Amino acid sequence: MSRKLPLLAALLAAPLPAFAGGDSASLVIGGAGLFTLICIGLVVAKRPIGLAVTAVFGVVVAAYLTVQHSSTGESLCNINSTYNCDLVNRSSYSALFDGKLPVALLGLGYFAAMAWLGVRLAMGSAPKAPVVLALLAGLGLAFDGYLAWASMQLNAVCPMCVVTWTLNIVLLVGDRKSTRLNSSHLVISYAVFCLKKK
């Protein structure tokens, strides 16, 4: 663990330049970036708890984007015309089925499901949770690819959306070890069952 401390310290210092702007957008984005890196640190140090905290943070970010989607007020993460949450979150790409289903609301449900699975994994009460988490995270990243394409069409980037994309990567990569361990346990259990049968 001591070897990982310098790396974690460097990661936690990465968002600090964002705070230098002093305005609310810089503070919000810098804070979100900092907490994202704290999630990475937790996944490295305490994998099950880190995955649960990462998913819960995703719920918070997605909930904010859901509220702002239908709000007339300006989002706290608008920096300029290029890095602008509202420009993306209220565009024609921000809702599915003719505007009836906001993408942010879909993300809220997604992260809520991931948080539920993450908490159950941390409690050790769901042996198949790692496999389901990995599957959902993979699907989430695939959808993030569509959202990245939509951002390119708009020539704008939603900073908070990028935070959710990063959280998805953390969930997918962080869950890989748990998935491998769970698969190994199933193989060993099946082998023991076969030996007892003989």
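Up top is the structure.
Since we're looking at a predicted model, the values are computed, not measured. (Residues numbered from 1 in each chain as written. Predicted model: local features only at pLDDT ≥ 70, side-chain atom pairs only at ≥ 80, totals over all residues. Heavy atoms only, no water.)

Caption draft 1: Structural view of the pattern of salt bridges. Applying the stated criterion across every chain yields a total of one salt bridge. Put simply, Arg90 and Asp86 hold a salt bridge, and the shortest N to O gap is 3.5 Å. By relative accessible area, Arg90 is classed as partly exposed at 30%. (Salt bridge = Lys/Arg side-chain N within 4 Å of Asp/Glu carboxyl O. Buried < 20%, exposed > 50% of the residue type's maximum accessible area, 1.4 Å probe, protein only.)

Caption draft 2: Broad picture of the side chain of Ser75. Structurally, Ser75 can be placed in the loop between helix H4 (47-69) and helix H5 (85-89). A polar contact of 3.1 Å, which involves the side chain of Ser75, links it to the side chain of Gln68. (Helix = DSSP H or I, 4+ residues; strand = E, 2+ residues; numbered from the N terminus. Polar contact = N/O pair within 3.5 Å; in protein donor to acceptor, adjacent residues only side chain to side chain.)

Caption draft 3: Just the packing of aromatic side chains, in detail. Scanning the entire structure with this criterion turns up four aromatic pairs. Relative to Trp149, the ring of Tyr93 lies with its centre 5.8 Å away and its plane at 90°, an arrangement referred to as edge-to-face. Pair noted here: Tyr93 is in the loop between H5 and strand E1 (95-96) and Trp149 is in helix H7 (residues 129-154), with a separation of 56 residues, a long-range link. With 5.0 Å between their ring centres and 70° between their planes, Tyr110 and Phe111 make a pair best called edge-to-face. Classification of Phe111 as buried rests on a relative accessible area of 3%. Joined through ring pairs, the aromatic side chains of Tyr93, Phe143, Tyr146 and Trp149 make up one cluster. (Phe/Tyr/Trp six-rings, centres within 6.5 Å; stacked < 30°, edge-to-face > 60°.)

Caption draft 4: Main features of the state of the cysteines. Per the counting criterion, the structure on display carries one disulfide. Across the disulfide from Cys77 sits Cys85; the S-S distance is 2.0 Å. Every disulfide takes its handedness from the sign of the S-S torsion; for Cys77 and Cys85 that torsion is -135°, giving left-handed. We note that Cys77, like Cys85, is buried. (Disulfide = S-S within 2.5 Å.)

Caption draft 5: A look at the nonpolar core. Membership of the largest hydrophobic core comes to 34 residues, with the highest contact counts inside it found for Phe57, Leu65, Met114, Cys158, Met160, Val163 and Leu171. Residue assignment for this core shows that the elements contributing at least two residues are helix H3 (24-45), H4, H5, helix H6 (103-123), H7 and helix H8 (159-197). Leaving out residues up to four positions away in the same chain, Val163 has contacts with Ala32, Thr36, Phe57 and Val61. (Core = buried A, V, L, I, M, F, W, Y, C linked by side-chain atoms within 4.5 Å. Contact = heavy atoms within 4.5 Å.)

Caption draft 6: Layout of H6. End to end, H6 covers 30 Å across 21 residues, agreeing with the expected 30 Å (1.5 Å per residue, within 8%). Among all positions in H6, only Val103, Ala104, Gly107, Tyr110, Phe111, Met114, Ala115, Leu117, Gly118 and Leu121 are buried. Just beyond H6, the residue with positive phi is Gly124, at close to 75°. (Expected span 1.5 Å × (residues − 1).)

Caption draft 7: Broad picture of H7. Taking 1.5 Å of rise per residue, 26 residues should cover 38 Å, and H7 covers 37 Å from first to last C-alpha, within 8% of that figure. All of the buried residues in H7 are Ala129, Pro130, Leu133, Ala137, Gly140, Asp144, Leu147, Ala150 and Ser151.

That is the geometry; function is a separate question.
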